[in-house]
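Inside the fold
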Amino acid sequence: MAAAPPIPVSGKHKNVPVSDENAQKQEEDLGVLFTDKFLGDSENVTLLLTLLEEFDFHVRWPGVKLLTALLKNQCNQVQGVILVSPMGVSRLMDLLADSREVIRNDGLLLLQQLTKGNAAIQKIVAFENAFERLLDIITEEGSSDGGIVVEDCLLLLVNLLKNNSSNQNFFKEGSYIQRMKPWFEVGDDNSGWSAQKVTNLHLMLQLVRVMVSPVNSPGATSSCQKSMYQCGLLQQLCTILMATGVPADILTETINTVSEVIRGSQINQDYFASVNAPSNPPRPAIVVLLMSMVNERQPFVLRCAVLYCFQCFLYKNQKGQGEIVATLLPSTIDANSISAGQLLCGGLFSADSLSNWCAAVALAHALQDNLTQKEQLLRVQLATSLGKPPVSLLQQCTNILSQGSKVQTRVGLLMLLCTWISNCPIAVTHFLHNQENVPFLTGQISENLGEDERLVQGLCALLLGICIYYNDNSLENYTKEKLKQLIEKRIGKENFVEKLGFVTKHELYSRAAQKPQPVFPSPEQMLFDHEFTKLVKELEGVITKAVHKTSEEEKKEEEVKKTLEQHDSIVIQYKDLIRDQDTQIQELREQVSTLSLNSEQMQNQITQQQSQIQQHKDQYNILKLKLGKDSQGLSSSQGEGAHVNGLHSEELSQLREEVEELRRQHTLQHTQLSDKDSLINTLRCGAAAAALTAEGGAGGSDNTELLGEVESLRSRVQAQCAEISQLQTERLELIRRAEAVSSAPASSSESSADTVTVSELESRLAAQTTEAERLKEECRGLREGHAGLEQQLASAQSTVAIEQTEKTKLQQEVQESKKEQDDLLMLLADQDQKILNLKQRLRDLGETIDEDEDELDARDQFGEDDDDDDEEEDEEENND
């Protein structure tokens, strides 16, 4: 340790120049050999991890260096040992918290090696709060303006997040995306960036791309894109995109980053469409980028990045596709400004083959999976030269194709045409309407050309196959059958299929199919587009089948298609019918529930009316008794005629008022009965309709029960109506008797007016008035007492119901306790029986058993039996 190397300023390893490469290779091989020897015993690594806990600098720092060297030489083996070591990763994470920068920086290098290609260790490191610590270090070191430590932190973050969906989700949920926004704040003067700042910013952009990479799951990518828009990170990236003085490689990487942040996200794509460049006049950022793409003086990687950005802007963005195509239509062309459509057309027909290819691919993406825009693009007319009529864009593409330009240009135009007319019969018809197109394609396919032309032949075969597969037979000279006959005569079916297969067998085709971003080592190898490879994969098989099919097979296939379409239409009709029936059933169920509620309300009303009728009966009986007593008092003596006359006059007036009140109540009840009759008829009709339309037997039984309840309610109402009629008859009889009584005392009073003194009549009248007032007070008190008794009765009934519920619960608990006791008794009985059997076996074996224990057991058993008997008697008494 005394001969320890000097402490470096940074944790970054310095490359020692070695003149002899073979000697360096031998040295590396020797290091691997020593590493294998060291790892022969896994306890060595465990001991090394233990030593890292020592705070002494001269122990900890060499241990970090040694473990880093072991990881470089035999990464997988060391990772396996650390992974199974208790707290192994946690000990290494503690290095980031070391106050000595040398150990912390070398700890970053160690964790970089440790997290390479091991998802399990990456997850452990992430959940050891690595993101928080690393972002804090980046902030402390100055973010993008920091030194090499920031670079090491960013490299470690990329290791933890790349192709690790769990860590990506943890990073997003921890709101760490929001902490990335300050990294991309740039000023107005962006000149003189240091090489370290360029490296740091490049890694920061790469970290953003890791979170929204197209290879991630769509849900995770969409969630990260949304977070980046909400926190303003996308806006900050667009600011760098439009800033001046930004280095070319940072600008290129920023374009690629913005591309993947907006890819497939409608909100982000709409925002990007609204971004304007700070120019005079302001121009959309898309137009400025396209100007760079079709400019052959711009760097190749920058043009590829712009093309990728345009593709991502149009990916699953039909709104954006419509806006781009609209700039080519005659009604929307503005002669005073440069539009995206004008730039694409200019690049499509320029002398630069790379511009031709990029413009063709960009325009193809504006038509991808969008039938409406394919049809709209057929309206585009181009003025080729003065004095000549304009030609369509489709025809101009075929004209350039037939002129024999460069391979890259022809490949781009063929990809555009294949994308344009695929799944668009109208575009196929327009293409076939030109009499020169089919002979040109057949001539290209049938010729025996060199290796470079094979790809063009394959794409021509694909284009002709699309014309066959999506042909609607609207042109008599170029129907499906005639085109197949033409292929068989001039090319040969086998030769046609062989030429078609040249496309997928091409080396650059496989490279382009791997990922969406167009990455090519040189412009000459820029031939295939990623989305076009998907189209070829989809169409190659169906075109081969379509060429080999005979007319009879096609007829059968069409018949099958028609049959399937008919079946589909029938299925759709049945689905609609079932959906309607479900809706009707739901409505009927709601009606049934409404009818049930109405029935309950009617039953409550009938109960109330019954109580009112009973009250009227009681009042009627009381009045009847009073009237009988009054008639007896009048017949007992003539001398009391005047008093009886006055008393009966008051009682008759009260009687008439009560009879009028009863008449009004009777009329009101008749009105209510008529309303209920109409309601019952409505319920009967609704129940009958529900019984006819409700599904299954269950619905029918419910409606039948409801009809039965309604019928019973109707019969009860009719009975009440008859009872009310009887009461009315009795009231009329009472009125007649009261009038007869009133006439009798009138005549007697006239005959005895002279014999009765006025004073006696006045005194008796006063006494009777007092008695009447007292009776009224008693009647009022009785009524109040009756109301109080009714309230007490309702409260008592609710109390009884509650107590009944509690009693039921207690009975259930008693039953459960009894059941548990019975189970325990049965267990005890079984246990006693087993003990007796064991004792008997011991006796049979010659062992002596204490008789006292037997007597005690017997007593216990008898005691339990007695207890059971007592419990049974108590339960019987409780039940009684």
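In this report, we go over the structure that sits alongside the text. (Residues numbered from 1 in each chain as written. Predicted model: local features only at pLDDT ≥ 70, side-chain atom pairs only at ≥ 80, totals over all residues. Heavy atoms only, no water.)

1. Quick notes on a nonpolar patch on the surface
Cut-off, in case you're wondering: The patches described consist of residues with a relative accessible area above 30% and no salt bridge, like charges being joined within 9 Å and nonpolar side chains (Val, Leu, Ile, Met, Phe, Trp, Tyr) within 5 Å. In this description, accessible areas are obtained by the Shrake-Rupley approach with a 1.4 Å probe, and a residue is regarded as covered only by the protein chains that are shown. We count a salt bridge whenever a side-chain nitrogen from Lys or Arg sits within 4 Å of a carboxyl oxygen from Asp or Glu. The way it works is that DSSP assigns letters per residue, a run of H or I at least four long becomes a helix, a run of E at least two long becomes a strand, and they are numbered from the N terminus.
Together, Ile-570, Tyr-574, Leu-577 and Ile-578 line one region of the surface with nonpolar side chains, adding up to about 390 Å² of accessible area. Within the fold, Leu-577 resides in helix H30 (residues 551-636).

2. Side note on the side chain of Gln-113
Formally: Note on contacts: a residue pair is in contact if any heavy atoms of the two residues lie within 4.5 Å.
In this structure, Gln-113 sits in helix H6 (residues 101-114). Residues within four places of Gln-113 in sequence aside, it is in contact with Thr-68, Leu-71, Lys-72, Cys-75 and Gln-79.

3. What to know about the packing of aromatic side chains
Just so we agree on the cut-off: Stacked, tilted and edge-to-face are the three classes assigned to paired rings of Phe, Tyr and Trp, where Trp is represented by its six-membered ring and a pair needs centres within 6.5 Å; plane angles under 30 degrees give stacked, over 60 edge-to-face, the rest tilted. Buried, partly exposed and exposed residues are distinguished by accessible area as a fraction of the type maximum, computed with a 1.4 Å probe on protein chains only: under 20%, between the cut-offs, and over 50%, respectively.
One pass over the full model with this rule turns up 11 aromatic pairs. Here Phe-171 and Tyr-176 contribute two aromatic rings whose centre-to-centre distance is 5.4 Å and whose plane-to-plane angle is 40°, an arrangement assigned as tilted. Take Phe-171: its relative accessible area is 0%, and that puts it in the buried class. Here Trp-357 and Phe-520 contribute two aromatic rings whose centre-to-centre distance is 6.3 Å and whose plane-to-plane angle is 85°, an arrangement assigned as edge-to-face. With Trp-357 in helix H19 (residues 353-367) and Phe-520 in the loop between helix H28 (507-512) and helix H29 (530-548), this pair connects stretches of sequence that are 163 residues apart.

4. Topic: the side chain of Gln-396
Within the fold, Gln-396 resides in helix H21 (residues 393-402). Classification of Gln-396 by relative accessible area gives buried; the value is 15%. Among residues more than four places away in sequence, those in contact with Gln-396 are Phe-349, Leu-382, Thr-384 and Val-391.

5. Details of H21
With respect to burial, H21 is a largely interior element, 8 of its 10 residues being buried. Directly beyond the C-terminal end of H21, a positive phi value near 75° is found at Gly-404.

6. Points about unusual backbone geometry
If a residue is not glycine, its phi is most likely negative; likewise, a peptide bond is most likely trans. Residue Pro-281 is reached from Asn-280 by a cis peptide bond, and omega for that bond is -5°. Tracing the sequence through the fold places Pro-281 in the loop between strand S1 (276-277) and strand S2 (283-284). Residue Asn-163 is not a glycine yet carries a positive backbone phi of 60°. Checked against the element boundaries, Asn-163 lands in the loop between helix H8 (148-161) and helix H9 (165-173). Residue Asn-163 is classed as exposed on the basis of its relative accessible area, which comes to 63%.

7. As for the state of the cysteines
Quick note on the threshold: For this text, the term disulfide refers to a pair of cysteine sulfurs within 2.5 Å.
Counted according to the given criterion, the structure contains 0 disulfides. In this structure Cys-345 is a free cysteine whose sulfur lies 8.3 Å from that of Cys-397, the closest cysteine sulfur available. Residue Cys-460 stays outside any disulfide, its sulfur separated by 8.4 Å from that of Cys-418, the closest cysteine.

8. Some words on the nonpolar core
Looking at soluble globular proteins, one finds that nonpolar side chains tend to be buried together. Inclusion rule: Among the buried residues, those of types Ala, Val, Leu, Ile, Met, Phe, Trp, Tyr and Cys that are joined through side-chain atoms within 4.5 Å form a nonpolar core.
Formed by 177 residues in total, the largest nonpolar core has its most connected members in Leu-67, Leu-92, Phe-184, Phe-272, Trp-420 and Leu-462. Broken down by element, the residue count for this core peaks at 12 residues, all from helix H16 (residues 300-314). Apart from the residues within four sequence positions on either side, Phe-272 is in contact with Cys-238, Leu-241, Val-258, Ile-262, Ile-286, Leu-289, Cys-309 and Phe-313.

9. Quick look at the pattern of salt bridges
All chains considered together, the criterion is met by 16 salt bridges. Notably, a salt bridge pairs Arg-303 with Asp-352, separated by 3.0 Å at the nearest N-O pair. Here Arg-303, found in helix H16, pairs with Asp-352, found in the loop between helix H18 (340-348) and H19; they are 49 residues apart in sequence, far enough to count as distant. Comparing Arg-303 with Asp-352 shows no difference in burial state: the two are buried. Where Arg-410 meets Glu-453, a salt bridge forms, and the shortest distance between an N and an O atom there is 2.8 Å. Here Glu-453 lies in the loop between helix H24 (437-446) and helix H25 (454-469) and Arg-410 lies in helix H22 (residues 407-421), a separation of 43 residues in the sequence. For the pair shown, Arg-410 and Glu-453 are each scored as buried. Each of Arg-60, Asp-98 and Arg-100 takes part in salt bridges that share partners, so that together they form one network.

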